[in-house]
Amino acid sequence: MEKIGAGTAIFRSAPMAVMHNDVEYNFRQESDFFYLTGFDEPEAVALLAPHHEEHKFVLFVQPKDPEKETWHGYRVGVDAAKERYGADAVYPIAELNEHLPKYLENADRIYYRLNRDRDFNQTVMDHWQRLLTTYGKRGTGPVAIENVGFILQQMRVIKSDTELERMRRAIAISVEAHNVAREMTQPGRYEYEIQAEMEHIFRKQGGQGPAYPSIVASGPNACILHYTSNNRQMQDGEVLLIDAGCSYDYYNADITRTFPVGERFTDEQRILYELVLAAQRAAIAQIKPGNTYNAFHDAAVKVLTEGLVRLGLLVGEVDKLIEEEKYKPFYMHKTGHWLGLDVHDLGPYKIGKESWHPLHPRQVVTVEPGLYIGPDIKLAEEQPEVPARWRGIGIRIEDDVLVTPTGNEVLTAAVPK
Ligand code: GLY
Ligand code: MN
Ligand code: MN
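A short tour of the structure in this document, coming up. (Residues numbered from 1 in each chain as written. Chains lettered and ligands numbered in written order. Predicted model: local features only at pLDDT ≥ 70, side-chain atom pairs only at ≥ 80, totals over all residues. Heavy atoms only, no water.)

## Describing the coordination of the manganese ion (ligand 3)
Protein coordination at the manganese ion (ligand 3) comes from Asp-254 (OD), His-337 (NE2), Glu-368 (OE) and Glu-398 (OE), with a distance range of 2.0 to 2.2 Å. Read in sequence order, the donor residues for the manganese ion (ligand 3) give the motif D-x82-H-x30-E-x29-E. Between the manganese ion (ligand 3) and the manganese ion (ligand 2), the interatomic distance is 3.3 Å, and Asp-254 donates to each metal, bridging them. Here Glu-398 lies in the loop between strand E19 (393-396) and strand E20 (399-403) and Glu-368 lies in the loop between strand E17 (364-367) and strand E18 (370-373), a separation of 30 residues in the sequence. On the accessibility criterion, Glu-368 (8% relative accessible area) is buried. (Donors = N, O, S within 2.8 Å, 3.2 Å for Na, K, Ca; no water. Helix = DSSP H or I, 4+ residues; strand = E, 2+ residues; numbered from the N terminus. Buried < 20%, exposed > 50% of the residue type's maximum accessible area, 1.4 Å probe, protein only.)

Structure follows, in structure tokens:
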């Protein structure tokens, strides 16, 4: 509210998503909406109107309706929402168009984030247009719509104690699942058996379920970044790459480990694993206040490219190979992302064209370098062929790292590397 001053901010709940025909996915509240209100029902709108005399926080919700609730589940309703969520005024959602104008007509701006709910985007535009038409008679009203997402990303990127508690819980559950997964992995088992056991733990420990589709990728599947079919039988002599984490009270963990399906790595697997691990260590060392967001990616790329040159998999001068992105057939993604309410969390990466965002205490990032030598890997023309013995190996190691006042804390350290 401090940041929007004389403006009114409008937030829309998440829509219900269809799984098939008339069957819907479990509802998950839109993250900004949840962050600001804690309210987790669909068909809702939240307003922040700090300039309003009495109603600074307004909710529109689904009213109580015993018959509908019998079919679709419990609703808090208008009266209890006021009590429980601390709103100054609560209306049934059907009265949105009737009440919205009085919260907008004295605002100098509308703060809103355009989103996939096109109908609602249009509703906001329609109200704004009507107020612009009558601006002359009133002498007040919103003269612009500003992206409230810029404000939210500055806030959400810095985690409160409550948020960090939830993230630590999501991480603890995910750590347990990874450790069980490693214990049960052996040649002959199917990828989905591992997935099932992990997701069983996620739910059994009170998590909401997977934070994203679990990746359990053996052999060459480890080279497919978003492999999620998880239906292959694992063989001795391969690696298993597991990228899985759970959601707990809306907050997410995101962990990747890669290890041998059988007892040990082959020489090539071990060499690549050690290289990715060295890159990850170099990257984590760059996570500290004052460093900018790109420092840890650059550190990982440097170690990986040097290693690829040492192994003869790339030929050339390291700095030039980096500048020309010749490492990209082996390492095509970034080294991390903000983590929080969203797995790829809302947060600023760049400021302007040239400068990267500085790291601050209470931010959480993933650090996840990898190397992927797909069976059909293609390098730039002047580069050598990748020998067959390296092909079909994919390695990624991903930890969740909290920026602390003096450096960082690896929150996911309890899964061995
Ligand atoms: N599993 C998604 C990611 O690592 O970004
Ligand atoms: Mn991941
Ligand atoms: Mn990640």
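## Regarding the pattern of salt bridges
Here the structure, examined in full by the defined rule, presents 27 salt bridges. A salt bridge links Glu-43 to Arg-12, with the shortest nitrogen-to-oxygen separation between them at 3.8 Å. Here Arg-12 lies in strand E1 (residues 8-12) and Glu-43 lies in the loop between helix H1 (31-37) and strand E4 (45-48), a separation of 31 residues in the sequence. Classification of Glu-43 by relative accessible area gives partly exposed; the value is 38%. On the basis of relative accessibility, which here comes to 15%, the residue Arg-12 falls in the buried class. Across the salt bridge formed by Asp-399 and Arg-257, the nearest N and O atoms sit 2.8 Å from each other. Of this pair, Asp-399 sits in strand E20 while Arg-257 sits in strand E14 (residues 255-260); the two residues are 142 residues apart in sequence, bridging distant segments of the chain. Both residues of the pair, Asp-399 and Arg-257, count as buried. Several salt bridges share partner residues, and in doing so they unite Glu-30, Asp-32, Arg-113, Arg-156, Lys-159, Asp-342 and Asp-345 into one network. (Salt bridge = Lys/Arg side-chain N within 4 Å of Asp/Glu carboxyl O.)

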